[in-house]
Amino acid sequence: MRVADADAGARKFGVCAACHRVANGAPDAGGPNLHGVFGRQMGTNSRRFGYTAALIGAGGRWDSAMLDAWIADPRKVVPGTSMLFVGVPDPLDRADIIAYLRRQTD
Ligand code: HEC
C-alpha cells in the first residue's frame, strides 16, 4: 500500500509555492505563510495576512480532512475565498502535500 510521502509532497508543493512560503518566519506572498498551519484555526496562520471574512468566518480547523477538501477545491469549502486556485485533482498528490505541511508544523 502506498502511504503519504512528505518528501514527494515537498516537490508537489511547487504548485502552492507561487503564492505560499512555508519556512518559519518567511514573509507572506500572494497567500499567507503556511508554516505550522496543520491543526490551526482557519484564517489565523499569519498574523499579518489580509484574510477574507469568508475564511475567518468559516471557523473550522486545518486537520487532514479539511486540508484535503480545501486543496481539492478551495471555493467549495469556503465560497468567497480569495485563494483562486484550480485545485489538486489527485488524492495521492493531496495526501503527499498534507504530509509535507504536517512536517512543517512539528
Ligand atoms: C494563486 C495563489 C495561491 C495558490 C496557488 C495557493 N494558494 Fe493557498 N491561499 C491563497 C490565498 C490568497 C489564501 C487566503 C484565502 C482567504 O483569505 O480567503 C490562501 C490560504 C491558504 C490556507 C489557509 C491558511 C490559514 O491561515 O488559514 C491554506 C492551508 C492554503 N492556502 C494552502 C494551500 C496549498 C497547500 C496550496 C497548493 C496545493 C495552495 N494553498 C495554493 C493563495 C493561493
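Residues numbered from 1 in each chain as written. Predicted model: local features only at pLDDT ≥ 70, side-chain atom pairs only at ≥ 80, totals over all residues. Heavy atoms only, no water.

### Overview of the site of the ligand
And step 1. Contacts to the ligand come from 28 residues, most closely from Cys-16, Cys-19, His-20, Tyr-51 and Met-83.
And step 2. Measuring from an oxygen atom of the ligand, one finds a backbone N or O atom of Asn-45 at 2.9 Å.
And step 3. Between the ligand and the protein, one listed contact pairs an oxygen atom with a side-chain N or O atom of Thr-52 at 2.6 Å.
And step 4. Of all the secondary structure elements, the ones that give two or more residues to the shell around the ligand are helix H3 (64–72) and helix H5 (91–103).
And step 5. At three residues, the largest contribution of residues to the shell around the ligand is made by H3.
And step 6. Grouping the amino acids of the shell around the ligand by side-chain chemistry returns 19 nonpolar, nine polar and no charged. (Near = heavy atom within 4 Å. Polar contact = N/O pair within 3.5 Å; in protein donor to acceptor, adjacent residues only side chain to side chain. Helix = DSSP H or I, 4+ residues; strand = E, 2+ residues; numbered from the N terminus. Nonpolar A, V, L, I, M, F, W, Y, C, P; charged D, E, K, R; others polar.)

### Thoughts on the nonpolar core
And step 1. Core analysis: the largest hydrophobic core is formed by 22 residues, its most contacted members being Phe-13, Leu-55, Trp-62, Trp-70, Ile-97 and Leu-101.
And step 2. For this core, the secondary structure elements donating two or more residues are H3 and H5.
And step 3. The element best represented in this core is H5, accounting for four residues.
And step 4. The contacts of Leu-55, once residues within four sequence positions are left out, are Met-42, Gly-43, Trp-62, Trp-70 and Val-78. (Core = buried A, V, L, I, M, F, W, Y, C linked by side-chain atoms within 4.5 Å. Buried < 20%, exposed > 50% of the residue type's maximum accessible area, 1.4 Å probe, protein only. Contact = heavy atoms within 4.5 Å.)

### Re the UniProt feature "domain: Cytochrome c" (unreviewed entry) in the protein chain
And step 1. The feature "domain: Cytochrome c" (unreviewed entry), as given by UniProt, occupies residues 4–105 in the numbering adopted here.
And step 2. Secondary structure content for residues 4–105 is 38% helix and 0% strand, while the C-alpha to C-alpha distance between its ends is 16 Å. (UniProt positions renumbered as here; feature names shortened; annotations may be inferred.)

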